[in-house]
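Each chain, letter by letter, is given below.
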Amino acid sequence: FTVYNLRKECKNFMAYEMEEIQQSQEIFYLLLKEHEIKEENEKELFRVYTQNNHVMNLVKSQATAAESQVERYGDVIYLIPKEENEYLGFTKQELKAQLCRSNATDKDYYLSQFVILVLLTEFYDGQGSSSKSREYMKVGELLNLVSDYLVEAGENMEPEEEEKTGLAFINMLEAYSALRSDEHGSKARTTKEGFVYHVLQFLQKQGLIHYVERDEMIMTTKKLDRFMDWNLLNQNHYDRVQKVLAVWKEDDNE
């Protein structure tokens, strides 16, 4: 670390006023607590972040140090943990405990992630000015889609194809088939209906969906819509998702 670099760092630090540093700390602390800052609730902090580049850069720098990123979607600022961040996000074991039964295996965990993936791809298609393609979905439709996709993939996908896509369809199909069906809408995690129910409950607690249990209806929140618009339309992740799910899409078109 040369004297030149030391002087450069000191000069950069001195470019920030103490008030800006304090404001950035206040904003980042609130993001740590709430994971978001809404303009309607925190007008002054939102204004400072969006109008003062020094404050914005300081907040983003703190987020980088905390293995996360700060993004503004419309009138909300979000703190988004990186995938490997187990402190601000969830560990695999924590997710398994919330989404699956107590003696769950990795097959059950991957099945829960697949249910979420199917839900997202049905609500968002990555086309047009917004990635969202529909307003609601019935739970029964989601169950049918998960079942159809797993059966198609499990019957037609070779082991080398599974390795290529990164999805163990055969294992997930085994886990799904092991769950019994209950026409009365059981909430037991040992049933297909109960398994999906607890996945939906988790997504609702995270503020990503509205789950109207009485009507068995699923709707997305603005938070999820904004996140998907950013990631699907601005970062072109949609094509990658479609390649992963293409195994049954191709069969349907034949």
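Relevant structure appears above.
Residues numbered from 1 in each chain as written. Predicted model: local features only at pLDDT ≥ 70, side-chain atom pairs only at ≥ 80, totals over all residues. Heavy atoms only, no water.

Asks: Can you lay out helix H10 (residues 192-205) for me, pointing to particular residues and giving the numbers?
Replies: Here H10 is 14 residues long and its end C-alpha atoms lie 20 Å apart, about the 20 Å a rise of 1.5 Å per residue gives. Most of H10 is tucked away: twelve of the 14 residues are buried. For H10, the full list of buried residues reads Lys192, Glu193, Gly194, Phe195, Val196, Tyr197, His198, Val199, Leu200, Gln201, Phe202 and Leu203. Where H10 terminates, the next one or two residues include Gly207, which has phi positive at roughly 75°. (Helix = DSSP H or I, 4+ residues; strand = E, 2+ residues; numbered from the N terminus. Expected span 1.5 Å × (residues − 1). Buried < 20%, exposed > 50% of the residue type's maximum accessible area, 1.4 Å probe, protein only.)

Asks: Explain the packing of aromatic side chains to me, using residue names and the numbers behind them.
Replies: What describes a pair of aromatic rings is the distance from one ring centre to the other and the angle between the planes of the rings. Under the definition given, this model contains five aromatic pairs. Aromatic side chains Phe90 and Phe202 sit 5.4 Å apart centroid to centroid with 65° between the ring planes, which places their arrangement in the edge-to-face category. Separated by 112 residues along the polypeptide, Phe90 in the loop between strand E3 (76-81) and helix H5 (92-99) and Phe202 in helix H10 bring together distant segments of the chain. What makes Phe90 partly exposed here is its relative accessible area of 32%. (Phe/Tyr/Trp six-rings, centres within 6.5 Å; stacked < 30°, edge-to-face > 60°.)

Asks: Can you break down the packing of helix H2 (residues 18-34) against helix H4 (residues 53-65) residue by residue, with the values?
Replies: Following both chains from N to C, one finds H2 and H4 inclined at 45°, their axes separated by 9 Å at the closest point. In this view, H2 runs oblique relative to H4, as classed from their interaxial angle. The crossing of H2 and H4 is right-handed. Along its contact with H2, which presents Glu20, Ile21, Gln23, Ser24, Gln25, Ile27, Phe28 and Leu31, the element H4 presents His54, Val55, Leu58, Val59, Gln62 and Ala63. Residue classes in the contact of H2 with H4 are distributed as eight nonpolar, five polar and one charged. (Axes fitted to C-alpha atoms, helices over the stretch in contact; angles between N-to-C directions. Parallel < 35°, antiparallel > 145°, perpendicular 65-115°, else oblique. Left-handed = near helix turned anticlockwise from the far one by under 90°. Contact = heavy atoms within 4.5 Å. Nonpolar A, V, L, I, M, F, W, Y, C, P; charged D, E, K, R; others polar.)

Asks: Give me the lowdown on the sheet that holds E3, citing residues and values where you can.
Replies: Strand order in the open sheet formed by three strands is E1-E3-E2, and the pairing between neighbours is antiparallel. On the outer flanks of this sheet lie strand E1 (36-38) and strand E2 (68-73), each paired with one strand and no other. When the angles between neighbouring strand axes are averaged without regard to direction, this sheet yields 15°. Note that E1 and E3 share three bridges and pair antiparallel. Residue pairing across strands places Lys38 opposite Val76, the latter belonging to E3. (Pairing = 2+ DSSP bridges.)

Asks: I'd like a rundown of the sheet that holds strand E5 (residues 209-212), residues and numbers included.
Replies: A sheet is described by the order of its strands in space; here three strands give the open sequence E4-E6-E5, paired in antiparallel fashion. The open sheet terminates on both sides in strands that have one partner only, identified here as strand E4 (137-138) and E5. Looking at chain direction, E5 and strand E6 (residues 217-220) are connected through four bridges and run antiparallel. From the neighbouring strand, His210 faces E6, where its bridge partner is Met219. On top of the sheet, helix H6 (residues 106-123) reaches E4 and E6; it is set at about 70° to E6, its chief contact. Contacts from H10 reach E5 and E6 within the one sheet, and its direction differs from that of E5 by about 130°.

Structural measurements only, silent on function.
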